Amino acid sequence: MRVDLTMVLYRPDMAELGRTLDSLAEDPDQFGLLWLLLSGSDDQRRQLEELLVSAGLAEVCRVTHRFDNIGFASGHNRLLAQAFGDGADAALVLNPDTRVAPDALRELADAVEADDRVALYGPTILRAGTDATVADSMGIGWTADGRHFDVGQGELARVDAGLIVTVDGVTGACLFVPERTYAKLLRDTGWFFDDTFIAYREDAELGVRASLVGVPSRLVHLEGFEHVRSVRGFTRGATLPDLLGVRNRLLIRHRLGRHRPGRWGLDRFRDAIVTAAVYLQERSSLPGLRQARAIRRFSTQTSSTRGRVRVGDAPLRVLYLGIEDPTYPRNARIRRFLEEEIGADVTIVGIDKGPGAIRKAAILIRQGLRPARGSFQVVILGEFQVKYGLIAKLVARYHGARLVVDWFVGLYETRVEDWEMARPGSPRARVWRWLDQSAARAGDVVLTDTDERAKMLVADFGVSPERVTVLPVGAPSWARPAPLAERHGGTLRVLYYGGYLPLHGVPYILRSIARARSVLRIEAVFIGGGERRAAAESLSRELGLVDRVQFVDSVPEAQLAGEIAKADVVLGVFGSSPKASSVIANKVWQGLSSGRVVITRESKALSEISGLVPGLLVTVDPEEGQALADALDAIGEEPTGICDPSARLEAYVAERYGRLAVQLSSGESP
Amino acid sequence: MDTVKRDSAEHAAAGPVLDAVAWAVQPGSGSRTRPARLVAELQALGVVSSEPARLHHGSAPSSGGSMSAGRLLPGRSLPAELARWAVLSPVFGSSRRAARASWVDVYDDWSIAPDINPLHRVYAGRFYSGLRHNAAAAETLVTANSPYMASKVGLHGDGVVPNGVDESVGSLLRSGDDVARLIVLGNFFDGRTDWELFARVATSGAFHEVIIGHPGSAAPMKALLSSLRATLGSRLITREWLDERELATLTGPRTAALIPHLVNDYTLSQDLMKVYQFLALGMKIICPRLLWPAHLEPQYAYLVDFGADLGLLPDWLAHDSIPDTWRASFVGEHSWKSRARRIKSLLEEWE
């Protein structure tokens, strides 16, 4: 492994630098090239070159000379780009007052290779010039009030040779960067060191930002690295470091947002203390404070981390709000995906199906805000709960989480268009419409189940297309083809199941059964219950279908597979509302996946899957009174064969879920 | 014809994509702003029609083919259908329609600009917010001048199109002498100008001559001039205006320009046009570190930040003047023409 060294020199102490170069010269074979950025005068350039010649390093050194000071962060960013552009496999960011003993870098590189991760690395660093083994840095840690510090500084060092542990960060005084780690950080966060910082604290910020994209910081226990360190710990008294320390503390807050380590409240309190101290005591730091404030919008808006969801070792923590029925396919499938595919930790806040919107809102607020702030990274508002969109937004904000709204079914389309509970344009209708829109716009990610409904969200509610993800309903695992039973007495068995919703068009189904003139006898089973079942039974009697239509109460989902297996045809939805023409109902998915012919109303949404189920999907226009009856007749005349489209349908659904995984994993806010 | 040529021919045959512009350019005013330069170059490329309908907001009345949208509610003057329109000023954000143009370009954060009136700042804020939450139609191409503005309007990927420079600037003959000369060009105003930096650099002792173009009449500027005169005497020269030809005659091996901007959200939202202008002229630049365009190598820049040591300015001035070959290459890469080509290709992808 070729390991290059990068070093930024600003007003260097030439004597100290000379000692560092001499230490490197003792074992020059352990590194490739030494990249130096000197901010200084021509005279300092001459002195540097003399030191390099004296140390025998001139041939392996590449010097960039500037007269201005571009800072530690920008300086090392340039040098790292040069080193990796020149073919280095890794680079060691090194302070000019850090000594590297013979063979130490080689050992460090070997340990990194053996660890074989995409990570930032740093060795245990001892304090130079002490007889006892005193630590200078055993990694970076964070206090509860948002201050970072070098772990173990000034204490007796406990170096457990061979041990590698994950820490919050690694000091920039000696930071080992494999090329793959550098490339990943550039790709996923836009930069290596954040050069808004100039100097101080950028290594601490780097450690947090890296962890957010799954790049841990790893401390390698070994000896051979010593640091002189001119600015130590929490001591103050040097004007420029103090000013930059104040500035960069606020910069970290603006850049990292909720990801800044520390307990909320304590860190803010500390911010206030620091601000007050600047005004009252350390006015030399006031320009730093003022600039941090003056560039706050820039710092937050161009941050690559604020909107992120943490990925990597820790599981994604998800709060799923408003689950009425955890067995309902929609939320069951999403939760299974989050837990099994992403490895997320999902917490459910359930509500009952009874009346009482205010009571249930209180449940969501109470249970959503009860866990400590920041407990969740993603908040999902479950299906059928768009009325609680703003509450979900509140809960998401509290946790600093991304909000995913499952805009599965809208209030207006259900209550006004399906159930006709209010007139279009009435005050209640307008409120429902507003709630639908608010929920759609509240989500950082908005889920729906078909491309047609996604278009509707964009066109009607002004939701950004980038925020909308289509998660098809799909079919549960039990929906698999079973052999068709032999027809007895020339009977075509038709199955309806559901809640007799207006969406289903049950009266139309019954009239069509009555109209059908199939050569086969059509027998239907209607499974389920609901407000309109009694009316359906009455209509069935009126149409003389009593001996051909059987009404059965709801059955457990596990039994549905058996009922579908007994049927020749599964009926979908035949409602006339806009919703009916934009969805692919659960039963359509289940019937098709079970290898059954499914007859349902025409819908643009069906074009998504019609090509995957040749010969199984029959669509009719429910405005044509005879259409369903004719379709039943046509099926009766043709033998139905077994077909298994379940794998194709599942692959289609999996691909769509994959897009959600990318969105949640990238953690990018739209 | 092969496929590529056939596509180009089809595009050419299809005619301009844009034939109307809504912007802040007042009729009869100079054409040095970003929108004006981009539109001119896009016209040359046939993307914008040769005589586009123009709508401007501001106090100037309608004239010369440009219709006035007034100052109070300029967005109202936009037509209902904005396909083939370019909206190049966020002040039209008084109407949500503005975000549905074929091309929207945002530059500098007008919502916090100290030289924009409060009402227009509100309109600009609404416009950016609308773009961010995608009130823009799927058919709208949105471009921005800086990463800040790109983030402000929720752009990802390729939407940043930096400012540029006229190609002709790169071929102006430099004829300045070897005097250590500092050039500073206005506008200067509170909220953007760092008066302290201005004074520190001008009186650093590194420069034998300090020339200020278009100083203006702002009170802080008058005070600064008075102070500089006391220190520099006849070495301070002010000129009402310095065009690029005149600047070229002043550019010598030890001539540097200063961009004395404060570092704040507003200046960070900008992409300093003067940087491109000065580098194209072959003039080195002293500039606040954070304001230097991130995509440009600062090899001819002296970047200043906390702790900056101006004592090395003489050394820097004596080093590395900008060769003409570098100027030519720079201008080729960063001309307004190249920016317009970029926008053209983005528009073609969008179609």
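Below you will find a few notes about this structure. (Residues numbered from 1 in each chain as written. Chains lettered and ligands numbered in written order. Predicted model: local features only at pLDDT ≥ 70, side-chain atom pairs only at ≥ 80, totals over all residues. Heavy atoms only, no water.)

1. Looking at the overall build of chain B
Okay, so step 1: The helix and strand inventory of chain B stands at 12 helices and 12 strands.
Okay, so step 2: Out of the 351 residues belonging to chain B, those deemed buried represent 55%.
Okay, so step 3: For chain B, contacts bridging at least 24 residues in sequence account for 69% of all contacts bridging at least 6.
Okay, so step 4: Put simply, chain B shows about 14400 Å² of open surface, and 52% of that area lies on carbon and sulfur atoms. (Helix = DSSP H or I, 4+ residues; strand = E, 2+ residues; numbered from the N terminus. Buried < 20%, exposed > 50% of the residue type's maximum accessible area, 1.4 Å probe, protein only. Contact = heavy atoms within 4.5 Å. Areas by Shrake-Rupley, 256 points an atom, 1.4 Å probe, with all protein chains shown as cover.)

2. Some thoughts on the overall build of chain A
Okay, so step 1: In terms of helices and strands, chain A carries 22 helices and 26 strands.
Okay, so step 2: For chain A, the proportion of its 670 residues judged to be buried stands at 57%.
Okay, so step 3: Put simply, 77% of the contacts in chain A that link residues at least 6 apart link residues at least 24 apart.
Okay, so step 4: If you sum the accessible surface of chain A, you get close to 26900 Å²; carbon and sulfur atoms cover 51% of it.

3. Some details on a negative patch on the surface
All names here are of chain A.
Okay, so step 1: Judged by side-chain charge, Asp-89, Glu-107, Asp-110, Glu-113, Asp-116 and Glu-179 come together as a negatively charged surface patch.
Okay, so step 2: With 3 residues, the single largest contributor to the negative patch is helix H4 (residues 104-115).
Okay, so step 3: Looking at where Asp-110 falls in the secondary structure, it is placed in helix H4.
Okay, so step 4: Among the residues examined, Asp-110 registers a relative accessible area of 45% and is labelled partly exposed. (Patch = residues over 30% accessible without salt bridge, like charges linked within 9 Å, V, L, I, M, F, W, Y side chains within 5 Å. Salt bridge = Lys/Arg side-chain N within 4 Å of Asp/Glu carboxyl O. Lys, Arg positive; Asp, Glu negative; His and termini not counted. Charge placed at Lys NZ, Arg CZ, Asp CG, Glu CD.)

4. Focus: the packing of aromatic side chains
Residue and element names in this part refer to chain A.
Okay, so step 1: Summed over all chains, the structure comprises 21 aromatic pairs over all chains.
Okay, so step 2: A centroid spacing of 5.3 Å and a plane angle of 65° characterise the contact between Phe-72 and Phe-193, whose relative ring orientation is edge-to-face. With Phe-72 in helix H3 (residues 71-85) and Phe-193 in the loop between helix H5 (179-189) and helix H6 (202-212), this residue pair connects regions lying 121 residues apart in the sequence.
Okay, so step 3: Here Phe-193 falls in the buried class, since its relative accessible area comes to 0%.
Okay, so step 4: Ring plane angle 55° and centroid distance 5.6 Å describe the contact between Trp-407 and Phe-461, whose orientation is recorded as tilted. Here Phe-461 lies in helix H16 (residues 451-461) and Trp-407 lies in the loop between strand E18 (402-406) and helix H14 (411-418), a separation of 54 residues in the sequence.
Okay, so step 5: According to the relative accessible area criterion, Trp-407 is buried, its value standing at 1%. (Phe/Tyr/Trp six-rings, centres within 6.5 Å; stacked < 30°, edge-to-face > 60°.)

5. Quick word on helix H2 (residues 42-55) of chain A
All names here are of chain A.
Okay, so step 1: Here H2 spans 20 Å end to end across 14 residues, near enough to the 20 Å set by a 1.5 Å rise per residue.
Okay, so step 2: For H2, every residue scored as buried is listed here: Gln-44, Leu-48, Leu-52 and Ala-55. When H2 is viewed along its axis, its buried side chains cluster within an angular range of 80° and face the same direction. Those residues of H2 that are exposed and aimed more than 90 degrees away from the buried face are Glu-50, Val-53 and Ser-54.
Okay, so step 3: Structurally, H2 contributes buried residues whose contacts are with strand E1 (3-10), helix H1 (14-25), strand E2 (34-39) and strand E3 (61-66). (Expected span 1.5 Å × (residues − 1). Arc of directions from axis to C-beta.)

6. Structural notes on unusual backbone geometry
In terms of backbone geometry, most residues other than glycine have negative phi values and most peptide bonds are trans.
Okay, so step 1: In this chain, B:Gly186 is followed by B:Asn187 through a cis amide linkage whose omega measures 20°.
Okay, so step 2: Relative to the helices and strands, B:Asn187 is located in the loop between strand E7 (181-185) and helix H5 (195-202).
Okay, so step 3: Phi is positive for A:Asp103, close to 75°, though the residue is something other than glycine.
Okay, so step 4: With respect to the helices and strands, A:Asp103 occurs in the loop between strand E5 (98-100) and H4.
Okay, so step 5: A positive phi angle, near 50°, is found at B:His214, a position not held by glycine.
Okay, so step 6: Following the sequence through the fold, B:His214 ends up in the loop between strand E8 (209-213) and helix H6 (219-232).

7. Remarks on the pattern of salt bridges
All names here are of chain A.
Okay, so step 1: Applying the stated criterion across every chain, the model contains 52 salt bridges over all chains.
Okay, so step 2: The salt bridge partner of Arg-99 is Glu-16, with a shortest N-O separation of 2.2 Å. Here Arg-99 is found in strand E5, whereas its partner Glu-16 is found in helix H1, with 83 residues between them in sequence. For the pair Arg-99 and Glu-16, a shared accessibility class is recorded, and that class is buried.

8. As for the interface of chain B and chain A
Okay, so step 1: Between chain B and chain A, the contact holds 29 residues from the first and 38 residues from the second.
Okay, so step 2: Together chain B and chain A conceal approximately 2900 Å² of surface at their shared face, both sides included; 53% is due to carbon and sulfur atoms.
Okay, so step 3: Where chain B packs against chain A, one counts 2 salt bridges.
Okay, so step 4: Residue B:Glu297 pairs with A:Arg78 through a salt bridge whose shortest N-O separation is 3.0 Å.
Okay, so step 5: Here chain B and chain A share 13 residue pairs in polar contact (both at pLDDT 80 or more) between them.
Okay, so step 6: Counting only elements with at least two residues in the side of chain B that touches chain A, the list comes to helix H4 (147-152), helix H8 (265-268), strand E12 (301-304) and helix H10 (313-318) of chain B.
Okay, so step 7: Top contributing element to the side of chain B that touches chain A by residue count: H4(B), with 4 residues.
Okay, so step 8: Its residues assigned to classes, the side of chain B that touches chain A shows 13 nonpolar, 8 polar and 8 charged. (Buried area = accessible area lost by both parts, 1.4 Å probe. Polar contact = N/O pair within 3.5 Å; in protein donor to acceptor, adjacent residues only side chain to side chain. Nonpolar A, V, L, I, M, F, W, Y, C, P; charged D, E, K, R; others polar.)

9. Topic: the sheet that holds strand E1 (residues 18-23) of chain B
Residue and element names in this part refer to chain B.
Okay, so step 1: Pairing within the open sheet is parallel, and its 6 strands lie in the order E3-E2-E1-E4-E5-E6. The open sheet has two edge strands with one neighbour each: strand E3 (66-68) and strand E6 (141-144). Neighbour-to-neighbour, the strand axes of the sheet open up by a mean angle of 20°, direction not taken into account.
Okay, so step 2: For strand E2 (residues 48-56) and E3, the ladder comprises 3 bridges, and the chain directions are parallel. Each bridged residue has a counterpart across the sheet, and for His-56 the counterpart in E3 is Ser-68.
Okay, so step 3: Strands strand E4 (85-87), strand E5 (103-106) and E6 of the sheet are contacted by helix H3 (residues 118-132), whose axis makes an angle of about 120° with E5.
Okay, so step 4: In the packing of helix H12 (residues 336-350) onto the sheet, the strands contacted are E1, E5 and E6, and the crossing angle to E6 comes to about 155°. (Pairing = 2+ DSSP bridges. Axes fitted to C-alpha atoms, helices over the stretch in contact; angles between N-to-C directions.)

10. A look at a positive patch on the surface
Okay, so step 1: Residues A:Arg268, A:Arg296, A:Arg306 and A:Arg373 make up a contiguous surface patch of positive charge.
Okay, so step 2: Considering the arrangement of structural elements, one finds A:Arg268 in helix H8 (residues 266-280).

11. Considerations on a nonpolar patch on the surface
Okay, so step 1: Together, B:Leu72, B:Leu73 and B:Leu119 line one region of the surface with nonpolar side chains, adding up to about 270 Å² of accessible area.
Okay, so step 2: Looking at the secondary structure, you find B:Leu72 in the loop between E3 and E4.

12. Some details on the sheet that holds E12(B)
All names here are of chain B.
Okay, so step 1: Taken together, 6 strands build an open sheet; the order of strands is E9-E8-E7-E10-E11-E12 and the sheet is parallel. Each edge of the sheet is formed by a strand with only one pairing partner; in this case those strands are strand E9 (236-239) and E12. The average undirected angle you get between the axes of adjacent strands in this sheet is 20°.
Okay, so step 2: With 3 bridges joining them, strand E10 (residues 255-258) and strand E11 (residues 284-288) adopt parallel strand pairing. Across the sheet, residue Ala-257 finds its bridge partner in E11, namely Ile-285.

13. Concerning the nonpolar core
Okay, so step 1: One finds A:Leu120, A:Leu175, A:Phe192, B:Val106, B:Phe127, B:Leu279 and B:Trp292 to be the most contacted residues of the largest nonpolar core, which totals 113 residues.
Okay, so step 2: Setting aside residues up to four positions removed in sequence, B:Leu279 forms contacts with B:Ile285, B:Trp292, B:Leu296, B:Tyr300, B:Ile322, B:Trp326, B:Arg327 and B:Phe330.
Okay, so step 3: In terms of nonpolar packing, the next biggest core, distinct from the first, is built from 81 residues, A:Leu471, A:Ile522, A:Leu571 and A:Val598 among them. (Core = buried A, V, L, I, M, F, W, Y, C linked by side-chain atoms within 4.5 Å.)

14. Focus: the pairing of E1(B)
Residue and element names in this part refer to chain B.
Okay, so step 1: Summarising burial for E1: 5 of the 6 residues are buried, a large majority.
Okay, so step 2: With 5 bridges connecting them, E1 and E2 associate as parallel partners. Within the sheet, the bridge partner assigned to Ala-22 lies in E2 and is Leu-55.
Okay, so step 3: Sheet analysis places E1 next to E4, joined by 3 bridges and oriented parallel. Bridge pairing in E4 places Val-21 opposite Ala-86.

15. Digging into helix H7 (residues 239-256) of chain A
All names here are of chain A.
Okay, so step 1: The first and last C-alpha atoms of H7 sit 26 Å apart over 18 residues, in line with the 26 Å expected at 1.5 Å per residue.
Okay, so step 2: Of all 18 residues in H7, 15 are buried; the element is thus mostly enclosed.
Okay, so step 3: In the segment just after H7, Gly-257 is the residue with positive phi, at about 60°.

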